[in-house]
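# Summary of the model geometry
The primary structure of each chain is shown beneath.
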Amino acid sequence: MRATTELIRESGLASIKRLSVGSKVITTPSYSAEIRNWNDLRIIERAKPNHRLDNVGVVSVSVLDAKTILGQQARTLMMFTGTERENKIRSDSIILIDPSMEYFSHNVESERERFLTFDNLPSFLRNSLYQDRISESDLSNEELSMKCMEWSMNQQMKYGADLPLPPCFSITGMKSLARALEMNRRSQTYAKDNGWSRCAYFNIDSMKIFQSEECVSSMITALNVWEADVIVLKFRGGLMPKEPIEMANYFTFFSKLNELDSRKTVILLNTDSFGYINLGLGVDIFSEPMNGLIDKDVRPRPSRDGIRDPYPTYGKYLNPLDLRWWKFSQLRSLFINNGNRLPCNCPICRSINPRFLAISPNDWNIPRREHCPICRNEQISELLVNIHDSNVKGAMFAKLASNEMSSSPLNIYKCWFS
Amino acid sequence: MKETDGVMRFSEDEYKRLSASAQGKHINRVIRDMLKNSKNGLTVPQIHKLTQHSKDAIEKHLTELVATNFAYKVTFGRTNVYYANGKTLHSFLEKDMSLGDKHFSFHFIKNPSGEFIYIQEKKKDSIGALSPSGGLLIKEDLFPLFINLLQDVNNELLNFKTSVNGGI
């Protein structure tokens, strides 16, 4: 079934749209919780009805994690235990499964090894991955790229994705961009053959791509030609454009995306507050890991003697005032300086205040994850009201951006309005 | 050729590297798109010339499309010309619905033989792809009669069930 986008209201580059995929309909701007394990799934599933998270309409999962969360084994387990968790998520949220193909070409062994655990991985692909990471020259191999495309798209649909994303390796320059464009074209043809929604997906190394105007214009030209229903972007290698030329190209890219066709939904994958700020630049949905660890390489991996390195004891916390993720040690000082109160006034943070200093990691990790979608839901609610009133500048992040004390991610928005 | 305008296709090399099931779906979709785009209909040699797929495969898919009422065949002497089964007349009558594991699409279409209500049955495979598996073409003026017949069948079924339950 094809995804359709209806434009409801516009204010500047920001807009309110309605995205329909089959029987699922969500209003954008929307937040997408990035789920990495059972804990995340349980938390988002509980938080959605309990806190009325109407602006959390999308759930994104990496294909590597989807195997354990949404795969057949998980379904069978739930059938036996009587907990039909994933069915709830499947019925009320749009599911995005990130193909995570960039790990093929990266030297990240733990992720590459996880691809090898898929039984139905094409033998050609399996043999290539067994030997080593897939090199630049391998990526030009038509056989390899077609097998990747077919396997990845089928795998996503098998796990119940609503929008099948084309597999896309990291785009670092014109050569890799040409390959990504080719892969997108093939994937859209494949999606059309199967009657699925057609998505364009760019996995952009922002440090390199936004330095050249040529790359930006090539992407826009391709998007003009394709009849994609949804545009999905993933920035890697530093989210923030820093140089003036990068920033100029960045804004050109988003303003041209808006000129394309306002009926296309733009989704930003794997971001932090940067994604939230981009809602003002025409992005409709942004996904953020609920534990604040954007870089996936922070997963525990076996060390030399075979013992796994543990996760950080206390994870990061989203501070809604400066939109940054704070470490627990920093948060502890903030808590004391703030009169023994957390900076957020959401029901979760209010409930843990009196015993915060003596909190154990197990007791802390669940509420801090639950606090994140609640905060984002409130921020997006405020943004929606402001777009309705044609006053997107009045949204909370714009107010913060005009503050001299604001942290660096907010300055991008300030720059846009100045 | 005009017929291929706007039809998304894999190149010959790409097509060869697809799995057999994906190849079948691709030819089927390409032929459907070509039929939709052509005003004067298409013959098997014409499609073969444009797509380079084998004539047998094309004929097989055309037969399937005719069987599912997506296309219809007109014979001129020894030549079979295939046409897409009309264009939708009213968008409000383009409806999709699911009944259990089956999916149905309703269209109000027009072709040289007249105006029809077209009910298309679709099946969903393990990866969620929808493909037409059957179809019903009913003349628009006979549609009320068809509904009455369905109603009669339903009444008879209810009577049968009542009599069986009563008997028990």
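Counting restarts for each chain, with residues numbered from 1 along the sequence as it is written. All chains are assigned letters beginning at A, and all ligands numbers beginning at 1, according to the order in which they are written. The predicted origin of the model limits local features to residues at a pLDDT of at least 70 and limits the giving and counting of side-chain atom pairs to 80 or more, whereas totals for whole chains, interfaces and linings rest on all residues.

Each helix is a run of H or I in the DSSP string that is no shorter than four residues. Each strand is a run of E no shorter than two, and both are numbered from the N terminus. Looking only at helices and strands, chain A has 19 helices and twelve strands in total. Within chain A, counting contacts between residues at least 6 apart in sequence, those at least 24 apart form 68% of the total. Here, residues touch in the contact sense if the C-beta positions derived from the backbone fall within 7 Å of one another.

This paragraph deals with the overall build of chain B. Scanning chain B from N- to C-terminus turns up five helices and seven strands. For chain B, the N- to C-terminal ordering of α and β elements is α-α-α-α-β-β-β-β-β-β-β-α. Across chain B, every contact between residues at least 6 apart in sequence was considered, and the portion connecting residues at least 24 apart equals 40%.

All names here are of chain A. We treat two strands as partners when DSSP finds at least two bridges between them. With respect to topology, seven strands assemble into an open sheet ordered 6-5-4-10-9-8-7, the strand pairing being parallel. Each having just a single partner strand, strand 6 (94–98) and strand 7 (199–205) make up the two edges of the open sheet. The mean angle between the axes of side-by-side strands here comes to 25°, regardless of whether they run parallel or antiparallel. Where strand 4 (residues 30–35) lies against strand 10 (residues 285–289), five bridges are found, and the strand directions are parallel. Counted as the bridge partner of Ala33 is Glu288 from strand 10. The sheet contacts of helix 17 (residues 361–388) involve strand 4 and strand 5 (56–62), and relative to strand 4 the element is tilted by about 165°. Throughout, an axis means a line fitted to C-alpha atoms (over the contacting stretch in the case of helices), and angles, computed between N-to-C directions, take values from 0 to 180 degrees.

All names here are of chain B. Contact geometry for helix 2 (residues 20–37) and helix 4 (residues 55–67): axes closest at 10 Å, N-to-C directions at 70°. Of the possible angle classes, the one that applies to helix 2 and helix 4 is roughly perpendicular. Two packed elements cross with a definite hand, and for helix 2 against helix 4 that hand is right-handed. Touching Ile27, Asn28, Ile31 and Arg32 of helix 2 are Ala57, Ile58, His61, Leu62 and Leu65, all from helix 4. Considering only residue class, the contact of helix 2 with helix 4 consists of six nonpolar, two polar and one charged. Put simply, angles under 35 degrees are roughly parallel, angles over 145 are roughly antiparallel, angles from 65 to 115 are roughly perpendicular, and the rest are oblique. In a left-handed crossing the near helix is turned counterclockwise from the far helix by less than a right angle, and in a right-handed crossing that turn is clockwise. For this scheme, ten residues count as nonpolar: Ala, Val, Leu, Ile, Met, Phe, Trp, Tyr, Cys and Pro. Four count as charged, namely Asp, Glu, Lys and Arg, and the remainder, Gly too, count as polar.

Moving on, we come to the interface of chain B and chain A. The interface is formed by 16 residues belonging to chain B together with 15 residues belonging to chain A. Within the residue set of the side of chain B that touches chain A, elements represented by two or more residues are helix 1 (12–16) and helix 2 of chain B. Looking at the side of chain B that touches chain A element by element, the count peaks at four residues for helix 2 of chain B. Per-class residue counts for the side of chain B that touches chain A are seven nonpolar, three polar and six charged.

Helices are assigned an expected span. That span is 1.5 Å times one less than the residue count. When the terminal C-alpha atoms of helix 2 of chain B are compared, their 26 Å separation across 18 residues agrees well with the 26 Å that a helix rising 1.5 Å per residue should span. Counting other C-beta atoms within 10 Å of a residue's C-beta gives its exposure: the residue is buried at 20 or more, exposed at 12 or fewer, and partly exposed in between, where C-beta atoms are placed from the backbone. The set of residues buried in helix 2 of chain B consists of Ala22(B), Lys25(B), His26(B), Ile27(B), Asn28(B), Arg29(B), Val30(B), Ile31(B), Met34(B) and Leu35(B).

A few words on unusual backbone geometry. Residue and element names in this part refer to chain A. The step from Thr28 to Pro29 runs through a cis peptide bond, and the omega angle for that step is 5°. If you check the backbone angles, Asn270 has positive phi at about 50° while not being a glycine. The residue Asn270 is located in the loop between strand 9 (265–269) and helix 14 (273–278) in this model. Judged by C-beta crowding, with 24 C-beta atoms within 10 Å, Asn270 ranks as buried.

What follows covers the environment of Asn111(B). Residue and element names in this part refer to chain B. Assignment of secondary structure puts Asn111 in strand 5 (residues 102–111). Given 16 C-beta atoms within 10 Å, Asn111 falls into the partly exposed group. For the pair Asn111 and Tyr83, spaced 28 residues apart in the sequence, the C-alpha separation amounts to 9.0 Å.

A few words on the sheet that holds strand 2 (residues 14–21) of chain A. Residues and elements named next belong to chain A. Read from one edge to the other, the open sheet built from three strands follows the order 1-2-3, with strand pairing classed as antiparallel. Each end of this open sheet is capped by a strand with a single partner; those strands are strand 1 (3–11) and strand 3 (24–28). In this sheet, adjacent strand axes meet at a mean angle of 10° when their direction is disregarded. Note that strand 1 and strand 2 share eight bridges and pair antiparallel. By the bridge assignment for strand 2, Leu7 is matched with Lys17.

This part covers the domain arrangement of chain B. Residues and elements named next belong to chain B. Each assigned domain of chain B is listed with its residue range as follows: domain 1 (1–85) and domain 2 (86–143). Each partner contributes residues to the interface: domain 1 has seven residues there, and domain 2 has eleven residues. Residues belonging to the side of domain 1 that touches domain 2 are distributed by class as follows: three nonpolar, three polar and one charged. Note: domain ranges come from an automatic or database domain assignment.

Leu163(A), Phe202(A), Ile231(A), Val232(A) and Leu233(A) are the most contacted members of the largest nonpolar core, which has 103 residues in total. Among the elements that make up this core, the one with the highest residue count is helix 17 of chain A (seven residues). For Ile231(A), the contacting residues outside a window of four places in its chain are Ala200(A), Leu223(A), Leu257(A), Lys264(A) and Val266(A). Note on definitions: a nonpolar core is a set of buried residues drawn from Ala, Val, Leu, Ile, Met, Phe, Trp, Tyr and Cys, linked by C-beta atoms within 7 Å. The next biggest cluster of nonpolar side chains, apart from the first, holds 14 residues, and it includes Leu42(B), Ile47(B), Ala71(B) and Tyr82(B).

Bringing helix 10 (residues 174–194) of chain A into the picture now. Three or four residues apart is the spacing at which side chains of an α-helix point the same way, because the helix has 3.6 residues per turn. All names here are of chain A. For helix 10, which comprises 21 residues, the first-to-last C-alpha distance of 30 Å matches the rise-based estimate of 30 Å (1.5 Å per residue) to within 8%. Across the 21 residues that make up helix 10, a large majority, 15, are buried. Directly after helix 10, the chain includes Gly195, whose backbone phi takes a positive value near 75°.

Another point: the packing of helix 9 (residues 142–158) of chain A against helix 10 of chain A. Residues and elements named next belong to chain A. Viewed as axis vectors pointing N to C, helix 9 and helix 10 meet at an angle of 45°, and their least axial separation amounts to 10 Å. Considering their axes alone, helix 9 and helix 10 lie oblique with respect to each other. Handedness of the helix 9/helix 10 crossing: right-handed. In contact with Ser145, Met146, Met149, Glu150 and Met153 of helix 9, helix 10 contributes Met183, Arg186, Ser187, Tyr190 and Ala191. A per-class count over the contact of helix 9 with helix 10 returns six nonpolar, two polar and two charged.

This paragraph deals with the environment of Ala33(A). One can find Ala33(A) in strand 4. Along the sequence, Ala33(A) and Gly57(A) sit 24 residues apart, while their C-alpha atoms lie 8.6 Å from each other.

Our focus in this paragraph is the pairing of strand 9 of chain A. Residues and elements named next belong to chain A. Buried residues dominate strand 9, accounting for five of its five residues. Across the two faces of strand 9 the burial is the same, with Thr265, Ile267 and Leu269 and Val266 and Leu268 all buried. As judged from the five bridges shared by strand 8 (residues 230–236) and strand 9, these two strands associate in the parallel manner. Its bridge partner lying in strand 9, Val230 is registered against Thr265. Here two bridges tie strand 9 to strand 10, and the two strands are oriented parallel to one another. If you follow Ile267 over to strand 10, its bridge partner there is Ile285. A clockwise path from the first strand over the helix to the second, with the strands pointing away from the viewer, defines a right-handed crossover. Of the crossover connections in this fold, the one passing from strand 9 over helix 14 to the parallel strand 10 is right-handed.

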